[in-house]
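The chain contents come next:
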Amino acid sequence: MASHNTVTLPLPVLPEGWSAEKDFKALGSLSAATQRTIEPVGPHFLAHARRARHKRTFSEDDRIQAQENVKKIEDDDAGEISEPEDPSMLLRDPKDWKGQDHYAVLGLSKYRYKASEEQIKRAHRKKVLKHHPDKKAAQGSTEDDGFFKCIQKATETLLDPVKRRQFDSVDEKAEVEPPSKKQATGDKYYKLWSSVFKAEGRFSNNQPVPKFGDANSTQEDVEAFYNFFYNFDSWRSFEYLDETVPDDGESRDQKRHQERKNNNARKKRKTEDAARLRKLLDDVSASDERIKKFMKQKNAAKNAKKAEKEAAEKKAIEDAKAKKEADEKAAKEAEEKAKADREQGKKAKEAAKNAVKKNKRVLKSSVKDANYFATGDASAAVIDSVLNDVDLVISKEDPDEIAALAAKLTGLKVAGEIKGAWTAEVTRLVGAGKLKDGEAKFLV
Amino acid sequence: MGEESATNGSAPAQRHAIGISFGNSNSSIALTVEDKAEVIANEDGDRQIPSVLSYVDGEEYNGQQAKAQLVRNSQNTVAYFRDFLGQEFKSIDPTHNHASAHPIAFESTVAFEIQDKEGDEKSTVTVSEITTRHLKRLVQSASDFSGKSINSAVITVPTNFSESQKVALIKAAKDAGLEVLQLINEPIAALLAYDARPESKVADKIVVVADLGGTRSDVAVVASRGGMYTILATAHDFDFAGVHLDKVLEDHFAKEFIKWNTTDPRTIPRSYAKLKLEAEACKKSLSIGTNASFSIESLAEGADFASTINRLRYETIGRKVFEGFNRLIEGVVKKAGLDVLDIDEVILSGGTSHTPKIANNMRSIFPETTTILAPSTTPTAINPSELQARGAALQASLIESFEAEDIEQSTHPAVTTVKHLTNAVGVLAITGDETKGVFTPVIVAETAVPARRTIHINAPPAGGDVLIKVVEGGSHIKVTQIEKTAEEKEADAEDSDVDSDEEPEEKREKIWKIGKVLAEAAIKDVKKGGKVEVMINIAGDLAVTITAREVGGKGGVRGNLSAA
């Protein structure tokens, strides 16, 4: 507790001879205390809980709380309204309230649509304290309450959410003129257009409004921004600019006519506003370097892909061609080789054939040389059977064996030797199982 | 109270909190707007919403509309159910439910068998469900009033609400979509409502909070120390409450009715219900005016009844009940080990506190110095029926912005259970007699530690060196019989009504007795007419720091006393 009680009774005079170190004598300590539960209710308990939980002493807590309070007061000060009043504004006719800048009247020009209700209330109070007609009268000036009426009208408009929106809709001072191409160059481009769209965004039914961003914004952000604004859902309305409807009741037709006219005007303005925003977006997107950049990036990526694809295709074609050529070459070679082989084979075959023929002739002639193994003139039957046997042997032998046999027989003139050679051959063939025992018996 | 965590706390930013006083007979809801708590009316325009639910053909009625159903549809009307919450059937008192739906045992809790849907089938509705429905209606009214969806609340409960009752209440509230930020004790809520008034100062005082309700009276003695409250004693009474005053009127008029008719209206349920409602209305008008009429159409036997009563008669026939209140309050002061002289403030709370007789009785029980906060004795008093809801709303606005976890930690017994001084600590001052010291309390007994108090005390007129003697002090009551002075006798003669009996008058005083000496300190060379500032700071472990200096002077003396 920062407060203190005051006791009027006086303190005793210090007795003679009383002395202590540092003028303080500790003589005892407190009696034992009782444990009780304090009720966790009320601001002072909260302070106690804060001290207990943060383990602060009274003085520490006082200090911290004081610091926090100071901060709060500063926050309040920041919202203080201190704008110089335009002398011409003070002379305004309150009847022309539609033409007045309500924010300027309350001294909130720098806040405008951003002013909170609290700020408006506080601004109003401040202005009332200054401009109340009774106060002016007391100060001896004329009883002119014109500006006071302006203040009341401004407050009435701004504290009514519907009326405030109507006024904000047509509050030209809150608008930011789109920069010209000359102005919006380089870094300034983003700064200037940002403020334009920040101002435009105040009409949006959907909050928060995406930001315009800067040169380094990602493609998603930029796309989100443009999508948002191309599909802008605006609460902007133009009732405030309505021409007053005569309210005298005598000319109902005129009243209706005026109302219809107003309605049409509102619709027209609304459409114009939408068109204006669209044009604004078209303009900005046309000059937006980021879009170009993203386009380029996209194209580059696309081209790279295309080139890659083409290269791949080309390579594939070449590969196919080379393969085809190689295949053709191989086929041709193989064909040629086969042809050569064939020719070779034919010759060899013929040679072999010839050799076989020759050898056969040798074989046949050998039996003839041996006089068909007969003594004396061989009968026709013997010759026949011997030759049959020779044919049998030949038919059973392959050309090599025939050749070998022929080689053995060549040069042999003696019948016995020839016979021996044949016998050996027949025996070999019987051994090899080519002849059955008993066959070609005439050669044995 | 550590059960706040039972409900899953919503983020503080989305909280819209109200204060609810949920009573056995009536409930009320309060909102804090710009640091000012206001009790709000429901759609019927009632600030005191009867805690009654009634069902007709599946349609739910709440509040005054439901109460009216007690006459015609008593079996489907649930009243006086708050105290059944979280209780077993064997431990409830169903007296007051005789004329409405009767409580029955259901599983481990209490339920009512009522026809709450269309058709003839009866369904068993637990008291928890009834509470949920009632709270839903209250929340709906508050949401409609404020235009925000109310999702959290501080609810007041009697000091003797058990842990299981608290859990049951929190659960019922949760089912009604309500996060219970905190349950606070009813007397403390009432006290908070008074202390939060801009004109009230933070002081060290002992307060008796008498919560006189419809079916029960709860009295608490609370030590308010620098805005921190400690309950010293409580008493609960179920025999002296609003309904007993109603009963007095019922009997009175029933007898009058019998004089002219043959039937006793108290024997016919419907007649009795009518009699009860009118008796309550009559009691309320007697709190405001000195005369009240009592009229019921077709009370019994088709006969209408009309009569009047004045306040004096009412106070005479209700004497027994009023004396019961007196005894209850005097008893609890004694229970706290205190004397009526120790009481600085009496707060009368609850609907029955409107009765002027009760406040007048308090006025005569307690000394002149005691403030009696009731509408008939203090014109600025807050409506006693609204105190608790207001206190709850104030507490709600205080803790609304805290995380549920923070609230739980702050209300944890480790934070709330602290040492309280048994003796006052003060300094000795002197009167004319310079040898004898007069004890001047700096920190009074029952102050929760850590505590810090500062006093400014005069130095002797001549200035010079002064002695500061810090001592413990106790108080006792000194009774002296005094002779009346001639003047007083004359005064008595003039208004010769109450006090003129010949008994010798007793003078009872609160006297400080000097106890243990704690420390001595000296301040030298105090200026003429100067003042000395003494600050005593007692830490949580009873270690004491004493700082003394001349006001406006430099330096000063500082000393420590270690804990015993």
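Residues numbered from 1 in each chain as written. Chains lettered and ligands numbered in written order. Predicted model: local features only at pLDDT ≥ 70, side-chain atom pairs only at ≥ 80, totals over all residues. Heavy atoms only, no water.

Draft legend 1. The arrangement of the sheet that holds strand β13 (residues 204–212) of chain B in detail. All names here are of chain B. In space, the 5 strands of this open sheet follow the order β15-β14-β13-β18-β19, with mixed pairing throughout. One side of each edge strand has no neighbouring strand; the edge strands of this open sheet are β15 (228–237) and β19 (371–373). Taken pair by pair, the neighbouring strands of this sheet meet at an average axis angle of 15°, ignoring direction. For strand β18 (residues 345–349) and β19, the ladder comprises 3 bridges, and the chain directions are parallel. The partner of V346 across the bridge, within β19, is I372. Each of β13, β18 and β19 touches helix α9 (residues 356–365); the most contacted strand, β18, lies at about 165° to it. (Pairing = 2+ DSSP bridges. Helix = DSSP H or I, 4+ residues; strand = E, 2+ residues; numbered from the N terminus. Axes fitted to C-alpha atoms, helices over the stretch in contact; angles between N-to-C directions. Contact = heavy atoms within 4.5 Å.)

Draft legend 2. Structural context of the packing of helix α2 (residues 127–146) of chain B against helix α3 (residues 163–175) of chain B. All names here are of chain B. Where α2 meets α3, the axes come as close as 8 Å, and the angle between the chain directions of the two elements is 55°. Overall, the two elements α2 and α3 adopt an arrangement that is oblique. Handedness of the crossing formed by α2 with α3: right-handed. Only L169, K171, A172, A173 and D175 of α3 make contact with α2, whose side of the interface consists of S128, T131, T132, L135 and K136. Of the residues assigned to the contact of α2 with α3, the class counts are 4 nonpolar, 3 polar and 3 charged. (Parallel < 35°, antiparallel > 145°, perpendicular 65-115°, else oblique. Left-handed = near helix turned anticlockwise from the far one by under 90°. Nonpolar A, V, L, I, M, F, W, Y, C, P; charged D, E, K, R; others polar.)

Draft legend 3. Representation of the interface of chain B and chain A within the structure. The partner chain A presents 48 residues to the 78 residues of chain B that form the contact. Buried surface at the junction of chain B and chain A, summed over both partners, amounts to about 5,900 Å²; 62% is from carbon and sulfur atoms. In this assembly, chain B and chain A are joined by 3 salt bridges. Ionic pairing is found between A:K25 and B:E520, a salt bridge with its closest N-O pair at 3.9 Å. Taken together, chain B and chain A are joined by 23 residue pairs in polar contact (both at pLDDT 80 or more). Of the residues contributing to the side of chain B that touches chain A, the split by class is 43 nonpolar, 23 polar and 12 charged. Pairing analysis gives 4 bridges linking strand β3 (residues 34–37) of chain A to strand β20 (residues 417–420) of chain B, with the strands arranged antiparallel. Across the sheet, A:T34 pairs through a bridge with B:H420, a residue of β20(B). (Buried area = accessible area lost by both parts, 1.4 Å probe. Salt bridge = Lys/Arg side-chain N within 4 Å of Asp/Glu carboxyl O. Polar contact = N/O pair within 3.5 Å; in protein donor to acceptor, adjacent residues only side chain to side chain.)

Draft legend 4. How the structure looks around the confidence of the model for chain B. Residue and element names in this part refer to chain B. Taken residue by residue, chain B gives an average pLDDT of 86. The fraction at 70 or more is 92%. The model gives residues 1–8 a pLDDT under 50, and that stretch makes 25 contacts with residues more than four places away or in other chains. Here residues 496–501 is modelled with pLDDT under 50, and outside its nearest four sequence neighbours on either side it reaches 2 contacts, counting other chains as well. Prediction confidence for the complex, expressed as pTM and ipTM, is 0.62 and 0.79 respectively. (pLDDT = per-residue confidence, 0-100.)

Draft legend 5. Local environment of the packing of aromatic side chains. Residues and elements named next belong to chain A. Going through the model one piece at a time under the given rule, you end up with 27 aromatic pairs over all chains. Plain terms: the ring middles of F203 and W235 are 5.4 Å apart, the flat faces sit at 75° to each other, and that makes the pair edge-to-face. With a gap of 32 residues between them, F203 in the loop between α9 (187–201) and α10 (219–230) and W235 in the loop between α10 and α11 (252–287) connect regions that are remote in the sequence. In this pair, the class of F203 matches that of W235, namely buried. Members of the aromatic cluster, each reached through a chain of ring pairs, are Y189, Y190, W193, F197, F212, F225, Y226, F228, F229, Y230 and F232. Taking NZ or CZ as reference, K153 lies 4.3 Å from the ring centre of W97, over its face. One residue, R290, lies across the ring of F212, its end atom 4.6 Å from the ring centre. (Phe/Tyr/Trp six-rings, centres within 6.5 Å; stacked < 30°, edge-to-face > 60°. Buried < 20%, exposed > 50% of the residue type's maximum accessible area, 1.4 Å probe, protein only. Lys NZ or Arg CZ within 6 Å of the ring centre and 35° of its normal.)

Draft legend 6. Representation of the environment of B:A210 within the structure. Residues and elements named next belong to chain B. Relative to the helices and strands, A210 is located in strand β13. Spatially, the C-alpha atom of A210 lies 10.0 Å from that of V332, the residues being 122 residues apart in sequence. Here A210 is in contact with D218, V219, I329, I347, L348, S349 and S353, once residues within four sequence places are set aside.

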